[in-house]
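# Analysis of the macromolecular model
Listed here are the chains, written in short residue letters.
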Amino acid sequence: MAIRKLKNRAKKWLVYWRNPFSGKLEGKTFKTQEEAKKEDSLVKHRLLFERESFCHDEALETVTLEQVYLMYIKEKQLSKANLYRQMSNMRAVFRMLGHYPVDKIDKLLLQSAMEALQAQGVKPVTVHDRFSLLRAILRWGANKGFYEMMPFPPLPSVHYEKFIPPSQNELRELLRFAVSHIQRVIILGSQLGARIGQSELFSLKWSDVDLSERIVRIHGSRKNSNAPWREVPIRDSLFSLMESWYKSDTEQGIEYIIHYKGKPVRSIKTAWQATLKKAGITRRIRPYDLRHAFATDAIAAGVDIGTVAELMGHSSPQMILRHYQYVANKQKRAAVESLPELSCMNNLYEQEKGLTTE
């Protein structure tokens, strides 16, 4: 975009720019330089904050997938961290499809793109998640009236990797060698079921804890829009420890529960690996597996699937069934074995036994 002075014109000041949707040069002329400067400033603002205002009817035919995505993220107002994470995850998809006009994207092209990613070694679950988001973006644009929604191919079948959560013995060894902030991560991750990371556990503040009611209010990671926060009770064996943490932190004016020398923690990758090494644990255990330990132990103790899902912030018990079916099967067997026996069963067994021996 720029301002240019024309010769031999009544309106000699030209403001011109390139339409971000059609790629064509557009312009407007003015009598005075001041008017042209105002228009130039307005166009700059529109390009930064109101790109869709350039999407004229004639430009709709050439709108690209990348341009639709820019409008999508502008409306969604994602946090900086979530936006960076999403754009990083979608980079490979937009590298292949971003330059395509949306009306040229069809089922075959989408299917080819999915197959190309899998051929590059990308896991089916990752391809599934990325193209699930792409489908949501395309539907958003169609609902806005930018184009007609195209048929979408089936997403790859998902087989989630099964991770064995840390055992009670492994948790004890980790706590034995962990520094203070990692100890808090281990304890709260396995006792509250919070997501390990900035989305939940690292964002917890003492203002989220009600010691009088013995609850922790965990703000959700936006995966369940119907439950922006959830309350998890503090179990009796944890309460005294949390009270001592609270007293120590508040005396020092520390706001975040998970902190290192008073400052909030953003990543524990290095400290976690060091703890595993000191504890002599050679198998792969992720910090996120502490959350899995919470679910596994709760289900094994007989807690119903719906309650576990609610405590963990899942929108549906199906997520629990998908990841913890092997534990749920044990619970089902225990439930069946707990049923009262029919008094006549032994008599029937003896009769059947007698018939088979004759």
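See above for the structure.
Here's a quick rundown of the structure. (Residues numbered from 1 in each chain as written. Predicted model: local features only at pLDDT ≥ 70, side-chain atom pairs only at ≥ 80, totals over all residues. Heavy atoms only, no water.)

### Observations regarding the pattern of salt bridges
Applying the stated criterion to the full structure yields eleven salt bridges. A salt bridge links Lys-44 to Asp-40; the shortest N-O distance between them is 3.2 Å. With Lys-44 and Asp-40 both in helix H1 (residues 33-49) and four residues apart, this pair spans about one turn of that helix. Judged by relative accessible area, which is 41%, Lys-44 ranks as partly exposed. Across the pair Arg-217 and Glu-231 runs a salt bridge, and its minimum N-O distance is 2.8 Å. Of the two residues, Arg-217 sits in strand E5 (residues 215-219) while Glu-231 sits in strand E6 (residues 229-233), which places them 14 residues apart along the sequence. Assessed through its relative accessible area of 29%, Arg-217 is described here as partly exposed. Via salt bridges that share partners, Arg-195, Glu-200 and Arg-230 belong to a single interconnected network. (Salt bridge = Lys/Arg side-chain N within 4 Å of Asp/Glu carboxyl O. Helix = DSSP H or I, 4+ residues; strand = E, 2+ residues; numbered from the N terminus. Buried < 20%, exposed > 50% of the residue type's maximum accessible area, 1.4 Å probe, protein only.)

### Description of the sheet that holds strand E1 (residues 2-5)
Here we have three strands laid out as an open sheet, ordered E1-E2-E3, and antiparallel in their pairing. Of all the strands in the sheet, just E1 and strand E3 (25-30) have a single pairing partner and so form its edges. On average, each strand axis in the sheet is tilted by 25° relative to the strand beside it, whichever way the strands run. Where E1 and strand E2 (residues 13-18) come together, four bridges link them in antiparallel fashion. When the bridges of E2 are listed, Lys-5 appears paired with Trp-13. Of the strands in this sheet, E1, E2 and E3 touch H1, which is tilted by about 10° from E2. (Pairing = 2+ DSSP bridges. Axes fitted to C-alpha atoms, helices over the stretch in contact; angles between N-to-C directions. Contact = heavy atoms within 4.5 Å.)

### Points about the packing of aromatic side chains
For the structure shown, the criterion picks out five aromatic pairs. With a centroid separation of 4.7 Å and an interplanar angle of 25°, the aromatic rings of Tyr-69 and Phe-94 are classed as stacked. Residue Tyr-69 is found in helix H3 (residues 65-76), and its partner Phe-94 is found in helix H4 (residues 80-97); the two are separated by 25 residues along the sequence. Judged by relative accessible area, Tyr-69 falls into the buried class, the value being 4%. Its relative accessible area of 13% is what places Phe-94 among the buried residues. (Phe/Tyr/Trp six-rings, centres within 6.5 Å; stacked < 30°, edge-to-face > 60°.)

### What about the nonpolar core?
Formed by 35 residues in total, the largest nonpolar core has its most connected members in Leu-188, Leu-201, Met-242 and Trp-272. Elements supplying a minimum of two residues to this core: helix H7 (168-177), helix H8 (180-192), E5, helix H9 (236-251) and helix H10 (269-278). Non-local contacts of Trp-272, meaning those with residues more than four positions away in its chain, are made with Leu-174, Ile-182, Ile-186, Ile-285, Arg-286, Pro-287 and Leu-290. Formed by 33 residues, the second largest nonpolar core is a distinct cluster that contains Tyr-72, Met-114, Leu-133 and Phe-152. (Core = buried A, V, L, I, M, F, W, Y, C linked by side-chain atoms within 4.5 Å.)

### Quick word on the side chain of His-259
Among the secondary structure elements, His-259 is positioned in strand E7 (residues 259-260). Within the structure, His-259 has its side chain in polar contact with the side chain of Asp-249 (distance 3.2 Å). Excluding its chain neighbours within four sequence positions, the residues that come into contact with His-259 are His-181, Arg-184, Asp-249, Ile-254, Pro-264 and Val-265. (Polar contact = N/O pair within 3.5 Å; in protein donor to acceptor, adjacent residues only side chain to side chain.)

### Some points on the sheet that holds strand E4 (residues 209-210)
Hydrogen bonds along the backbone pair up the strands of a sheet, which may run parallel or antiparallel. Spatial ordering of the open sheet is given by E4-E5-E6, a layout of three strands whose pairing is antiparallel. The open sheet has two edge strands, E4 and E6, and neither has a second partner. With two bridges joining them, E4 and E5 adopt antiparallel strand pairing. Bridging across to E5, Val-209 finds its partner in Val-216.

### Remarks on the packing of H3 against helix H6 (residues 124-143)
When two helices pack together, their arrangement is captured by the angle between the axes and the distance separating the axes. Interhelical geometry of H3 versus H6 gives an angle of 85° and a closest axis separation of 10 Å. Here H3 is positioned roughly perpendicular relative to H6, judged by the angle of their axes. The residues of H6 that touch H3, namely those facing Leu-65, Val-68, Tyr-69, Met-71, Tyr-72, Glu-75 and Lys-76, are Leu-133, Leu-134, Ile-137, Leu-138, Trp-140 and Gly-141. Residues belonging to the contact of H3 with H6 are distributed by class as follows: ten nonpolar, one polar and two charged. (Parallel < 35°, antiparallel > 145°, perpendicular 65-115°, else oblique. Nonpolar A, V, L, I, M, F, W, Y, C, P; charged D, E, K, R; others polar.)

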